[in-house]
Amino acid sequence: MKGKVKWFSPEKGYGFITSELGDDHYFNVQDIIGADLPDNGDQVDFESAKSAKGFRAKNTKIISKTLKEERRDDRIECTRCSRKIVPRIITDRGNLDHSVCPYCGAWIEDFSILRNLISGIFKLAVKYPIPALVIVVIGLVAGNS
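Residues numbered from 1 in each chain as written. Predicted model: local features only at pLDDT ≥ 70, side-chain atom pairs only at ≥ 80, totals over all residues. Heavy atoms only, no water.

Caption draft 1: Broad picture of the overall build of the protein chain. Looking only at helices and strands, one finds two helices and 10 strands in the protein chain. Listed by position from the N terminus, the elements making up the protein chain come as β-β-β-β-β-β-β-β-β-β-α-α. Across the protein chain, the fraction of contacts at a sequence separation of at least 24, relative to all contacts at a separation of at least 6, is 33%. Put simply, the protein chain shows about 10,900 Å² of open surface, and 56% of that area lies on carbon and sulfur atoms. (Helix = DSSP H or I, 4+ residues; strand = E, 2+ residues; numbered from the N terminus. Contact = heavy atoms within 4.5 Å. Areas by Shrake-Rupley, 256 points an atom, 1.4 Å probe, with all protein chains shown as cover.)

So this is what it looks like as C-alpha cells:
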C-alpha cells in the first residue's frame, strides 16, 4: 500500500502515515526499512496491519523524499565583528537615526544624514518651489550617472 508521511518525530521515534484511502497508520522506527528516517510529506510504501488501537504500518519503505525549501537568509555581515546579523534600529525622538550591530555595537547605517538631506530639500521646496525642484532633478540625474 502507498501513502504519505503525515508527521514523524525522530526524537520520539514514531509517526503517522496517511494511506491513499485516507486512513491513518501508526508506525515507529522499527517498522522502517533502510537507514533513512522519513520526513513529513515523504511518499512511502508499507504493509497495512490491523491492531487493537487502529491501523499500523509495517515494512515501511521510503519511495520519494520531499524537497525541502531553503530559507532565505536576509541577514548582513557586520563589518567589525564579521557576524551575520539583523541590525537594530535606533531612533531619536521618534525619527530613524541609525542602525547598530546587536553583538558589537558597530554603526551599520546612519539614517540621520538622509533624514537631514530630505528635510533640507523639503524646506527648500517650501521656501523656493521652482529652484528646489531643479535641485532635486539635478540630484537625481547626478545620482543615476
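So, next bit.
Caption draft 2: Focus on the packing of aromatic side chains. Throughout the structure, instances matching the rule amount to five aromatic pairs. With centroids separated by 5.7 Å and ring planes inclined at 35°, the aromatic side chains of Tyr 14 and Tyr 26 adopt a geometry described as tilted. Placement of the pair is Tyr 14 in strand E2 (residues 14-19) and Tyr 26 in strand E3 (residues 24-28), with a sequence separation of 12 residues. By relative accessible area, which is 28% here, Tyr 26 ends up partly exposed. Put simply, the rings of Trp 7, Tyr 14, Phe 16 and Tyr 26 touch in pairs and so form one group of aromatic residues. For Lys 50, the ring lying beneath its charged end belongs to Phe 55, and the centroid distance is 5.0 Å. If you follow Arg 83 out to its NZ or CZ, it ends over the ring of Tyr 103, 4.2 Å from the centre. (Phe/Tyr/Trp six-rings, centres within 6.5 Å; stacked < 30°, edge-to-face > 60°. Buried < 20%, exposed > 50% of the residue type's maximum accessible area, 1.4 Å probe, protein only. Lys NZ or Arg CZ within 6 Å of the ring centre and 35° of its normal.)

Caption draft 3: Focus on the nonpolar core. With eight residues, the main nonpolar core is built from Val 5, Phe 8, Ile 17, Phe 27, Ile 32, Val 44, Phe 46 and Ala 57. Mapped by element, the contributors of at least two residues to this core are strand E1 (2-9) and strand E4 (43-51). (Core = buried A, V, L, I, M, F, W, Y, C linked by side-chain atoms within 4.5 Å.)

Caption draft 4: Up close: the pattern of salt bridges. Under the definition given, this model contains eight salt bridges. Between Lys 65 and Asp 42 there is a salt bridge, with its nearest N and O atoms 3.2 Å apart. Highlighted residues: Lys 65 in the loop between strand E5 (54-64) and strand E6 (76-77) and Asp 42 in the loop between E3 and E4, separated in sequence by 23 residues. Classification of Lys 65 by relative accessible area gives partly exposed; the value is 38%. Of the residues examined, Asp 42 reaches a relative accessible area of 0% and is grouped as buried. Of the charged contacts, one joins Asp 92 and Arg 93 as a salt bridge, the two residues approaching to 3.9 Å between their closest N and O atoms. (Salt bridge = Lys/Arg side-chain N within 4 Å of Asp/Glu carboxyl O.)

Caption draft 5: Examining the sheet that holds E1 more closely. Read around the closed barrel, five strands run E1-E2-E3-E5-E4, paired in mixed fashion. Each neighbouring strand pair of the sheet contributes to a mean axis angle of 45°, computed without reference to strand direction. One ladder, built from three bridges, connects E1 with E4; its direction is antiparallel. Bridging across to E4, Gly 3 finds its partner in Val 44. (Pairing = 2+ DSSP bridges. Axes fitted to C-alpha atoms, helices over the stretch in contact; angles between N-to-C directions.)

Caption draft 6: Quick look at the pairing of E2. Residues Gly 15, Ile 17 and Ser 19 line the buried face of E2, whereas the alternating positions Tyr 14, Phe 16 and Thr 18 sit on a face that is not buried. One ladder, built from six bridges, connects E1 with E2; its direction is antiparallel. Within the sheet, the bridge partner assigned to Lys 4 lies in E2 and is Thr 18. What sits between E1 and E2 in their antiparallel hairpin is a turn of four residues, with Gly 13 showing a positive phi close to 85°. Where E2 meets E3, five bridges bridge the pair, whose relative direction is antiparallel.

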